[in-house]
Each structure stands twice: as C-alpha cells, then as structure tokens.
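So the chains spell out like this:
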Amino acid sequence: MPALSKQLTIDLYLDNTVSMQGFVKPGNSTIYAKTVQALESAAISSWPSGHISYAKFGANIAKLQRPEYLKAVFPYFYNAPDTNIEKVIEATNKNNLTVIVTDLFQKEADATLLIDKINKQCIQQHMAIGVLGIKSEFLGRIYDVDIYQNSFDYNSGLNDPKRFRPFYLLLLGKHADVAYYYEKLLQNGFKRFPNCQYEFIIISPYIVNPLPAFGKSKIKTIKKMVEVRSLVKANENDKRLRQFCLRAPESYFQVEVKYNQLLHTIPFNERNILPSIDFKKLKPALKKNDSIPVEVNDFVQKFETLNGSLAVTMKFSSADWPGKGIYLLDLTLSPSQEAYQIPDWFSEWDMNGIDGTKTLNLNKFLNGLWETNWRVHQPKIAHFYCYIEKR
Amino acid sequence: MKQPLHQRINWTDILGILGCFVFFSFLALYLENYILNEVIIVSADVTMEDWLNNVFHMWTMVGIGIALLFIIIWYAWGNSVAIDRVENTGKRVGWWILFCLLIVTTLASVFIITADEGAWVGHILFGVDVLGFFYFATALFSPSAVKYSPPGAQTLRRIINR
C-alpha cells in the first residue's frame, strides 16, 4: 500500500446547491457549519506544508478564494439550482486528496452514473474512497424524494440528534492519506461536537496492511515435504517467497497467516476466503511455459480460523504433475463478496419513504461503490509464492 | 632410555590421522548431504539447509572432534608403552574402552540429531563418521607398540601394504 504523503494538495469542494441550504439555516454553529471550518484546520494540521484549493460546485465547478469559502456557513452561499458532482469526480487528481462535501442528493440514475464516474476516475486508479456521513441540524426543503419529484420541508430541531439530517464527505485519494485526514478531522473537530453522530467507511483496493509475508508466516505442520532455500536464486528480501522439496506424491503443510485489517475498511468473515492459484512449471519449462490447468481445490485443502489468524492447509498431489522439476505456485487469498459484512448504517441511513433523517439512494450508492471496488480489485489478504521441487 | 618425544612421533602417522580427519569431515559436510537431502524431513519452520548446518554438520563435527581427542589419547598412550613381541591383551582392552566410549557418544546422537522423518539415517551417518574416523585412524596410523591392537588392523595394513 502506498505510504502516507509527506506533502499534499487538498482540493476542497463544497456542494452549493439549494438542497444544502438547510444545513446552515438554523445558524452558523450547526454541526455542518463547524465541519466546514474543521475541514480546513484538519488539512493544515495534517500537511502543514501542503496546499489547499477551494471550490464550490452546482452544475459547474467554480474556484473559490479562502474568504469566499468561509461564507459557506451562510445560507446565501447555497444558490445553485442543480448539482453535477460527476464534474468534480472528473476533476479529481489521483496525487491529491479530494474532499467533497455534499448531501449525496441523487436520483437512482444519478447514483449509477456517479458510481461509474468514480470507478473510472478513482477505483481503477487504485484510489481509496472514504465516505464520512455526519448528521447535522437541518431546516429547509428536501427535494425530489420520489419518482414524482416531490419535495417536503424538514425541521430537525436543534436538540434531538435522532432527527438530524445526514450530509457526507467523500474523501478521494491514497488510502493512507484518506485515513490520516479522517483521524485529523476527528481530533480537530467533529468528534468534540456535542450530539454528533457520524459513520465512516473506506472503500479501497487495500483491506490489510502490510500484506502478510509468506516468508514470515509460521508453518504449523509440514508432512512429506521440506522447506529449502536453494532451489531458485531468489531475492532474499522478497518475503512473499518460500521454497519446498516434495518427498512423497502426497504432501502438505499448514501455514498460519496473520494480518492486520485496515481500520475503517468493511469487515469480512474469514470463513469465506476465496483462494486463486496460478501454477506453472519453471525448470525444465513446458513448451510454451503455459500455466498448468489446475483447480484451486487441488491445492488449498481447508481454511481454519486459529486465534484470530487464518490457517491455510496446502496439499500437493504431485503424481499427476508433468514430470520432475521445479514448479511455481502463486496463491492469492481474497475475501469473497459474501464474506464482507456490510455496515448496518448503509441501509439504516437510506431513505425509504418521506424521512428527513435519511438519504435517498444511499444504500444503492454505497453498495454499488463497494461492489465495483470488489470487482475491480478483489482486495487481497495474502499473496504467496512457492517454488516446489518434484524429484 | 626413552627417546625424546619428537623422535618417538611418526610424522607419517600424524599426516595419516589428519588425512582421515579431512576425509571424514568432507564426508560429513558434503557427500552425506546427498543422502540426507533425500530422506530427512525436517520439522515446520526449519529449512533443510538450516537443519544440515545447525544440527547434522555441527553435531557430527563435535563427534569427529571427540573422536580426534580419543585418537590423540590413544596415540600418546601407545607411544608411552613398550613394544611387546607377543600380543598384549591390555592394549587391546584400552582401544575397546575408547571405542565403546565413542559408541556411547554415537548413541547420544539419537537425542540431538532429531527430525520429523528419517532421523535414523542421520544417526547411522553420525556413527559412520565418528566411529569410522576413530577406527581407520587407529587401525592404520597407531604407534608401533599398539599398531595391531585395533581389531582387523593387521589385515587392513596388509591390504594397503603398510
């Protein structure tokens, strides 16, 4: 996973459509208004020598100077009739951290379009997407809540957080930058706001860090095979690699894989791990050096959870392998789609009927984003290489 | 009157003992790896190379070192006794005592040379190296007074014309 940036440009985008007006109408001390101020201070404390650019967006993006940005705590700032968040996504620079403040107001078709844009612009560029939902006081109109484009007035009041309306920060950038900026936001601001409810998730190509090194993983048992170091002259610093000699046609080992799941990523069930295998003969190479067609189940016998880590049993039935020689086995372990435990707030904050405390199509958007990310990256929890000698 | 020590030492014997040492060390450190690599299965998280270096080679060289010490003792003792015209049972007993002590050392290897499978091959090779070194070094390169005390020494010397 790429390391935290030492210096960074932070692009702050504020959604200035009228649907956002309600967050500042109750006054400039709402959780929303305080968050707008905290965004800047968190950026400065995260990267003191970094650069912050300010912009607002409705149908188009307009650059702002800092004094104009500070006016975002007043209702008149929110005067754009229409929103086009896709343009902001298009403007995203993968080397920067992009922070988008929005109510994620979108129709069903908008959500699909937005997911598609984020996929092309961010997910496929190995960027992480942080979604921070924060509930704030609200007094105003909520638009287009159904297919008839009905709208309704909503007053959350100031004292009952359960009635507050959510707005969202989309954080787009390197995983480490997104996570770091979120922690700074917590410290610098909204964690201390009274009555503040918030939820945060990072959708990213990475779910564990560092990726467990096979060379450092403990082999619990080994039968009819031995570990060696001298089969292939390999880079000794490559800790993903281990080398074995088979002593019998049926042999196996069990390795314990310990990993640290990254904070704020979607948790997964270790019982639904999807292994994938690439197996080829290296020496003497087959005619075209093609992969030998194998089934994952030919090698991966079982997964067990052992004291908070994963025990993988690899078996080797070498009788059918094409002759003596050195083989390369490349094993990747990824949680299956079913393994992920989608946070409850995706659906709990999703608008189902006229309810000002919820967001239209939120579940569709977040689930779609997560699914797209899973399809593109299939985030890994381990990637091992074995050189295996059949004698 | 006894001759001074340097005159009593047969330098051919010393070179022969050193030759045996080099031969059995080479056997233990290189040639036997080919056998061990085929039969030994080491335990989890130990590589074959580490097992060879840290277990077999190390302990076998300790065993060969002990055998060398016993050979020196045997040689020094053999130099200090008189040459008899007839075979002396006491000298043969002395050799057997040292040899039996080395057998005990070899038996101890069962506890120090361990592996998941095939450790017995390691024990046999340990025995071959340690006992073989002592036997051949003493049978072929003992001082005159005890040169026929090791069993089979006479035959062996005849075979190699010594």
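From a predicted model like this one, the values you see are computed outputs, not experimental measurements. (Residues numbered from 1 in each chain as written. Chains lettered and ligands numbered in written order. Predicted model: local features only at pLDDT ≥ 70, side-chain atom pairs only at ≥ 80, totals over all residues. Heavy atoms only, no water.)

**Thoughts on the interface of chain A and chain B**
Move 1: Every contact between the two is made by 16 residues of chain A and, on the other side, 17 residues of chain B.
Move 2: Of the roughly 1300 Å² buried at the junction of chain A and chain B (both faces included), carbon and sulfur atoms supply 43%.
Move 3: Among the residues chain A hides against chain B, the three largest losses belong to E227, R229 and R247 of chain A. Together they make up 42% of the total.
Move 4: Here chain A and chain B share five salt bridges between them.
Move 5: With its nearest N and O atoms 3.0 Å apart, the salt bridge here joins E38 of chain B to R391 of chain A.
Move 6: Counting across the chain A and chain B interface gives twelve residue pairs in polar contact (both at pLDDT 80 or more).
Move 7: Those elements that place two or more of their residues in the side of chain A that touches chain B are β10 (218-223) and β11 (225-228) of chain A.
Move 8: At five residues, the largest contribution of residues to the side of chain A that touches chain B is made by β10 of chain A.
Move 9: Residue classes in the side of chain A that touches chain B are distributed as five nonpolar, three polar and eight charged. (Contact = heavy atoms within 4.5 Å. Buried area = accessible area lost by both parts, 1.4 Å probe. Salt bridge = Lys/Arg side-chain N within 4 Å of Asp/Glu carboxyl O. Polar contact = N/O pair within 3.5 Å; in protein donor to acceptor, adjacent residues only side chain to side chain. Helix = DSSP H or I, 4+ residues; strand = E, 2+ residues; numbered from the N terminus. Nonpolar A, V, L, I, M, F, W, Y, C, P; charged D, E, K, R; others polar.)

**Here's the deal with empty space enclosed by the protein**
Residue and element names in this part refer to chain A.
Move 1: Tallied over the entire structure, the rule returns three cavities of 30 Å³ or more.
Move 2: The volume enclosed by the largest cavity comes to roughly 70 Å³.
Move 3: Along the walls of the largest cavity sit I202, I203, S204, I207, T265, I266, Y340, W370, N373, W374 and P379, which together make up its complete lining.
Move 4: Of all the secondary-structure elements, those providing two or more residues to the lining of the largest cavity are β9 (198-203) and α7 (362-377).
Move 5: Split by residue class, the lining of the largest cavity holds eight nonpolar, three polar and no charged. (1 Å grid on protein atoms, 1.4 Å probe; cavity = no way out; pocket = protein on both sides within 12 Å on 5 of 7 lines; lining within 4 Å. Points joined across faces, edges and corners; volume = space filled by probe spheres on them.)

**Considering the environment of F26 of chain B**
Move 1: Within the secondary structure, F26 of chain B is located in helix α2 (residues 11-39).
Move 2: The sequence separation of F26 of chain B and W59 of chain B amounts to 33 residues, and the corresponding C-alpha distance is 14 Å.

**Brief notes about the side chain of S19 of chain A**
All names here are of chain A.
Move 1: Within the secondary structure, S19 is located in the loop between β1 (9-15) and α1 (31-46).
Move 2: Within the structure, S19 has its side chain in polar contact with the side chain of D103 (distance 2.7 Å).
Move 3: When sequence neighbours within four positions are dropped, the list of residues in contact with S19 reads D103, F105, F138, R141 and Y143.

**Notes on the sheet that holds strand β18 (residues 382-390) of chain A**
Sheet strands line up and pair through hydrogen bonds in the backbone, either parallel or antiparallel.
Residues and elements named next belong to chain A.
Move 1: If you walk across this open sheet you meet the five strands as β11-β12-β18-β17-β14, and the pairing is mixed. Edge positions in the sheet fall to β11 and β14 (273-283), since each of these pairs with one other strand and no more. The sheet shows a mean angle of 25 degrees between the axes of neighbouring strands, direction not considered.
Move 2: Note that strand β12 (residues 241-246) and β18 share five bridges and pair parallel. If you follow Q243 over to β18, its bridge partner there is Y387. (Pairing = 2+ DSSP bridges. Axes fitted to C-alpha atoms, helices over the stretch in contact; angles between N-to-C directions.)

**Details of the nonpolar core**
Soluble globular proteins tend to bury their nonpolar side chains together.
Residue and element names in this part refer to chain A.
Move 1: Of all hydrophobic cores here, the largest spans 67 residues; its most connected members are F253, F316 and F365.
Move 2: Take this core: its biggest share by element is six residues, from α7.
Move 3: Among residues more than four places away in sequence, those in contact with F365 are L104, Q106, A111, L114, I115, I118 and L170.
Move 4: Of all hydrophobic cores here, the second largest spans 52 residues; its members include A43, A72, V101 and L171. (Core = buried A, V, L, I, M, F, W, Y, C linked by side-chain atoms within 4.5 Å. Buried < 20%, exposed > 50% of the residue type's maximum accessible area, 1.4 Å probe, protein only.)

**Concerning a negative patch on the surface**
Residues and elements named next belong to chain A.
Move 1: Together, E250, E295, D298 and D320 make up a region of like negative charge exposed at the surface.
Move 2: Its location among the elements puts E295 in the loop between β14 and β15 (300-306).
Move 3: Given a relative accessible area of 55%, E295 falls into the exposed group. (Patch = residues over 30% accessible without salt bridge, like charges linked within 9 Å, V, L, I, M, F, W, Y side chains within 5 Å. Areas by Shrake-Rupley, 256 points an atom, 1.4 Å probe, with all protein chains shown as cover. Lys, Arg positive; Asp, Glu negative; His and termini not counted. Charge placed at Lys NZ, Arg CZ, Asp CG, Glu CD.)

**Concerning the sheet that holds strand β2 (residues 51-57) of chain A**
All names here are of chain A.
Move 1: Pairing is mixed in the open sheet, where seven strands are placed in the order β3-β2-β1-β4-β8-β5-β9. The sheet is open, and its two edges are formed by β3 (61-64) and β9, each paired on a single side. Within the sheet, the average angular offset between the axes of one strand and its neighbour, ignoring direction, is 20 degrees.
Move 2: Inspection of the sheet shows β1 paired to β2 by seven bridges, in the parallel sense. Looking across to β2, one finds that L12 is bridged to Y54.

**Some points on the environment of Q243 of chain A**
Residue and element names in this part refer to chain A.
Move 1: In this fold, Q243 is placed in strand β12.
Move 2: Assessed through its relative accessible area of 6%, Q243 is described here as buried.
Move 3: Taking C-alpha positions, Q243 is 9.8 Å from Y327, a pair spaced 84 residues apart along the chain.

**Observations regarding the packing of aromatic side chains**
Residues and elements named next belong to chain A.
Move 1: Tallied over the full model, the rule gives 44 aromatic pairs over all chains.
Move 2: Ring geometry for F279 and Y327: centres 5.3 Å apart, planes at 5 degrees, overall stacked. With F279 in strand β14 and Y327 in strand β17 (residues 325-335), the pair connects residues that are 48 residues apart, well separated along the chain.
Move 3: By relative accessible area, which is 1% here, F279 ends up buried.
Move 4: By relative accessible area, which is 0% here, Y327 ends up buried. (Phe/Tyr/Trp six-rings, centres within 6.5 Å; stacked < 30°, edge-to-face > 60°.)

**Notes on the layout of surface pockets**
All names here are of chain A.
Move 1: Approximately 350 Å³ is the volume found for the second largest pocket.
Move 2: If you go around the second largest pocket, you meet 20 residues; those closest to its centre are D82, T83, F105, Q106 and D110.
Move 3: In terms of residues, the lining of the second largest pocket owes the most to one element, helix α4 (residues 108-121), which gives three residues.
Move 4: Partitioned by chemical class, the residues of the lining of the second largest pocket number eight nonpolar, six polar and six charged.

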